[in-house]
Amino acid sequence: MSNEPQGGLFDDLPYSLDEIICGVDEAGRGPLAGPVYAAAVILHRERPIAGLRDSKKLTEARREELAPLIKRDCIAWAIAKASEAEIDKLNILQASLLAMKRAVHALETIPTLALIDGNKCPVMKIQTIAIVDGDDKIESISAASILAKTARDDALRKLHRKYPQYGFDQHKGYGTAQHLEALKLHGVTPVHRRSFAPVRELLELAF
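Below or above, wherever it landed, is the structure these notes cover.

Cut-offs used in this document
Throughout, a residue's number is its position along its own chain's written sequence, starting from 1. Only residues with pLDDT of at least 70 are given local features in this predicted model, and only at 80 or more are side-chain atom pairs given and counted; all residues enter the totals for whole chains, interfaces and linings. The basis for every side-chain value is the complete set of non-hydrogen atoms in the structure, without hydrogens or water. Strand pairing is assigned whenever DSSP identifies at least 2 bridges connecting the two strands. Only DSSP runs of H or I with at least four residues qualify as helices, and only runs of E with at least two residues qualify as strands; both kinds are numbered from the N terminus onward. The angle between two axes is taken between their N-to-C directions and runs from 0 to 180 degrees, where each axis is a line fitted to C-alpha atoms and a helix contributes only its stretch in contact. Contacts between residues were defined by any pair of non-hydrogen atoms, one from each residue, lying within 4.5 Å. Multiplying 1.5 Å by the residue count of a helix minus one yields the expected span of that helix. Note on exposure labels: buried denotes an accessible area under 20% of the residue type's maximum, exposed denotes more than 50%, and partly exposed covers the range between, all computed with a 1.4 Å probe on protein chains only. Any pair of N or O atoms that falls within 3.5 Å is considered a polar contact. Within protein, one atom must be able to donate a hydrogen and the other to accept it, and sequence-neighbouring residues count only if both atoms are side-chain atoms.

## With respect to the sheet that holds strand β4 (residues 113–117)
Pairing is mixed in the open sheet, where 5 strands are placed in the order β3-β2-β1-β4-β5. Strands with a single pairing partner mark the edges of an open sheet, and in this sheet they are β3 (76–82) and β5 (127–131). Geometrically, the sheet is characterised by an average inter-axis angle of 20 degrees between neighbouring strands, direction not taken into account. For strand β1 (residues 21–27) and β4, the ladder comprises 4 bridges, and the chain directions are parallel. Counted as the bridge partner of Gly23 is Leu115 from β4. Helix α3 (residues 92–105) contacts β1, β2 (36–42), β3 and β4 of the sheet and is inclined by roughly 35 degrees relative to β2.

The structure is reproduced here in structure tokens:
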């Protein structure tokens, strides 16, 4: 991969080498607990980072190796989140877009173009382009996916220290059998997403 869109993907779109491009991705749309995280990264064309790809296709150890390299060698990076309360209020899609927008706005270098993983873009003043599976096609999006994922995993390890009986350090909030059993045994915590069906159903049974 290169820092530029490849394979004619953007042949029909306004694009030039003068653009300041940031890749944007989120982590944590599916879990039952914890915030959704997003990251934005502007890569440096003269400081390539080997091994960038969709964070889901990398081991946890490899993501943890790449994250500091991305932060060191890129032009700018930022990580943001949307809380459990915002997820419940807005829905997970809108909360994810909000986290993405916050990450882009937090960049120290202002981009002129944001390449967004997925098929939806947050509303921003700069141009945005949604790219399905962009986290495995565009290096800046791959880098953002790695930063978002490692930041969220770190946050869930911290939640594990606060709520050790739920196993957040292992399943990272996803609805595994272990997590669902812990919910039944110990109940819903303030960090659980009340709008998600397994959590909502447990709350309904309590009344």
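## Re α3
Counted at 1.5 Å a residue, the expected span for α3 with its 14 residues is 20 Å, and the 20 Å between its end C-alpha atoms agrees. Looking only at α3, the buried set comprises Ile92, Ala95, Ser96, Leu97, Ala99, Met100, Ala103 and Val104. Along its buried surface, α3 packs onto β1, β2, β3, α2 (84–90) and β4. The opening residue of α3 is Asn91, an N-cap whose side-chain oxygen sits 3.1 Å from the backbone nitrogen of Leu93.

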